[in-house]
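Structural features, examined
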Amino acid sequence: MPKGSEELTNARKEEIINACASLYETMGFKDITIRDIGAKTSFTRTSIYNYFQTKEEIFLALLEREHKLWIADLEEIAQTNSFLSVDGFADKLARTLEKRGCMLKLMCMNLYDMEGNSRIENLVLFKKEYANALRAISCCLEKFFPSMTVNDIQEFLYAFFPFLFGIYPYTSHTEKQMEAMRLAHVNYIHCSIYELTKPFVAKILRSFEE
């Protein structure tokens, strides 16, 4: 790690993560290189290695940041609402995911590469945010649905989080994929992240009322 203030270190890391996020909007994970990321920063490419050893560590840091932003939205739901119905909570939870397309894309497509090629200390930092996301969802459920037991909440988490790992491919397609489905006569109806998430969450929650 280079010498300098903690503020400078954090600013440099943030600039690297921002560059990575920008490239990920138009390029694939496997196509993006450290050289590409370095070209979009204000310092030399080799300086990146003072902060991240691999591009996977940069992407993992991006995923960690995405989780922090999502957690902030979840905490806001809990703090600004005294009561929410099943449909009301499902709506708000789905809205939080509308803004986290990058998070869902990374979780679905590149998680194993990121985790497998990152140092343990970086992986631990991400796992802490993942745990915080679990707790944030649990806190919402405890507040808005007090009749749910500990086991009910755990069952919800076991259903909801695997859903997050698979939703992106159902809501985002390339032109090539769309053409292939057309030629294969796939009866495809496009749905947004919100349109898939809200009824899914509501259905799970209602199952605990039966």
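Below or above, wherever it landed, is the structure these notes cover. Throughout this document, residue positions are counted from 1 along each chain, in the order its sequence is written. In view of the model being predicted, local features appear only for residues whose pLDDT reaches at least 70, and side-chain atom pairs are presented and counted only at 80 or more, with totals across whole chains, interfaces and linings using the full set of residues. Only hydrogens and water are set aside; all other atoms, that is, all heavy atoms of the structure, feed into the side-chain values.

Glancing now at helix H1 (residues 6-24). Working note: α-helix, 3.6 residues per turn, so residues spaced by three or four point in the same direction. Only DSSP runs of H or I reaching four residues or more are called helices, and only runs of E reaching two or more are called strands; each is numbered from the N terminus. Expected span of a helix, by definition, is 1.5 Å for each gap between consecutive residues, and there is one gap fewer than residues. The end-to-end C-alpha distance of H1 is 27 Å, a good match for the 27 Å that 19 residues give at a rise of 1.5 Å each. Per-residue accessibility, obtained with a 1.4 Å probe over protein chains only, is compared with the maximum for each type, and a residue is labelled buried under 20%, exposed over 50%, and partly exposed between these values. Among the residues of H1, Thr9, Ile16, Ile17, Ala19, Cys20, Ala21, Leu23 and Tyr24 are the ones counted as buried. As for H1, its buried residues are in contact with helix H2 (34-39), helix H3 (55-80) and helix H5 (101-109). Any pair of residues with heavy atoms lying within 4.5 Å of one another is described as a contacting pair.

Another aspect to go through is helix H4 (residues 86-98). The terminal C-alpha atoms of H4, which comprises 13 residues, lie 18 Å apart, in line with the 18 Å expected from a rise of 1.5 Å per residue. Listed in full, the buried residues belonging to H4 are Val86, Phe89, Ala90, Leu93, Ala94, Thr96 and Leu97. The arc enclosing the buried residues of H4, seen along the axis, measures out at 150°, which places them on a common side. The directions considered for the arc are those from the helix axis to the C-beta atoms.

On to unusual backbone geometry, then. Unlike most non-glycine residues, His185 shows phi in positive territory, near 60°. Summarising the element assignment, His185 is placed in the loop between helix H10 (175-183) and helix H11 (193-207).

Quick look at the nonpolar core now. By size, the foremost hydrophobic cluster in this structure holds 62 residues, and its most contacted members are Trp70, Phe89, Ile137, Phe156 and Phe160. At 11 residues, H3 tops the list of elements feeding residues into this core. Aside from chain neighbours lying at most four places away, what touches Phe89 is Ile77, Leu84, Cys140, Leu141, Phe144, Phe145, Val201 and Leu205. Here, nonpolar core refers to any group of buried Ala, Val, Leu, Ile, Met, Phe, Trp, Tyr and Cys residues whose side-chain atoms link them within 4.5 Å.

What follows deals with the environment of Phe83. For Phe83, the position within the fold is in the loop between H3 and H4. Judged by its relative accessible area of 62%, Phe83 falls in the exposed class.

This part takes up the side chain of Ser138. Relative to the elements of secondary structure, Ser138 occurs in helix H7 (residues 120-144). Not counting chain neighbours up to four residues away, the residues in contact with Ser138 comprise Ile153 and Leu157.

Of the pockets and cavities examined, the largest pocket occupies roughly 420 Å³. Grid spacing is 1 Å over the protein atoms alone, the probe is 1.4 Å, and a cavity is where that probe fits but cannot get out, while a pocket is an open set with protein on both sides within 12 Å along at least five of seven lines and lining residues have an atom within 4 Å of a point. As for the largest pocket, its lining consists of 19 residues, of which Lys13, Phe52, Ala61, Glu64 and Leu125 are closest to the centre. Elements with a contribution of two residues or more to the lining of the largest pocket: H1, H3 and H7. Here the lining of the largest pocket takes 6 residues from H3, the largest share from any one element. Grid points are joined across faces, edges and corners, and a volume is the space filled by probe spheres set on the points.

The salt bridge criterion pairs a side-chain nitrogen of Lys or Arg with a carboxyl oxygen of Asp or Glu, the two atoms within 4 Å. In the structure shown here, the tally under the stated rule is 11 salt bridges. In this structure, Lys30 and Asp113 form a salt bridge, with 3.6 Å as the shortest nitrogen-oxygen distance. Within this pair, whereas Lys30 is found in the loop between H1 and H2, its partner Asp113 is found in helix H6 (residues 111-116), the two being separated by 83 residues in sequence. Of the residues examined, Lys30 reaches a relative accessible area of 68% and is grouped as exposed. Of the residues examined, Asp113 reaches a relative accessible area of 29% and is grouped as partly exposed. In this structure, Glu179 and Arg182 form a salt bridge, with 2.7 Å as the shortest nitrogen-oxygen distance.

Let's shift gears to the environment of Met103. With respect to the helices, strands and loops of the structure, Met103 is situated in helix H5. Judged by its relative accessible area of 0%, Met103 is buried. For the pair Met103 and Val186, spaced 83 residues apart in sequence, the C-alpha to C-alpha distance is 27 Å. With residues near it in sequence (within four places) discarded, Met103 still touches Leu63, Glu66, His67, Trp70 and Leu97.

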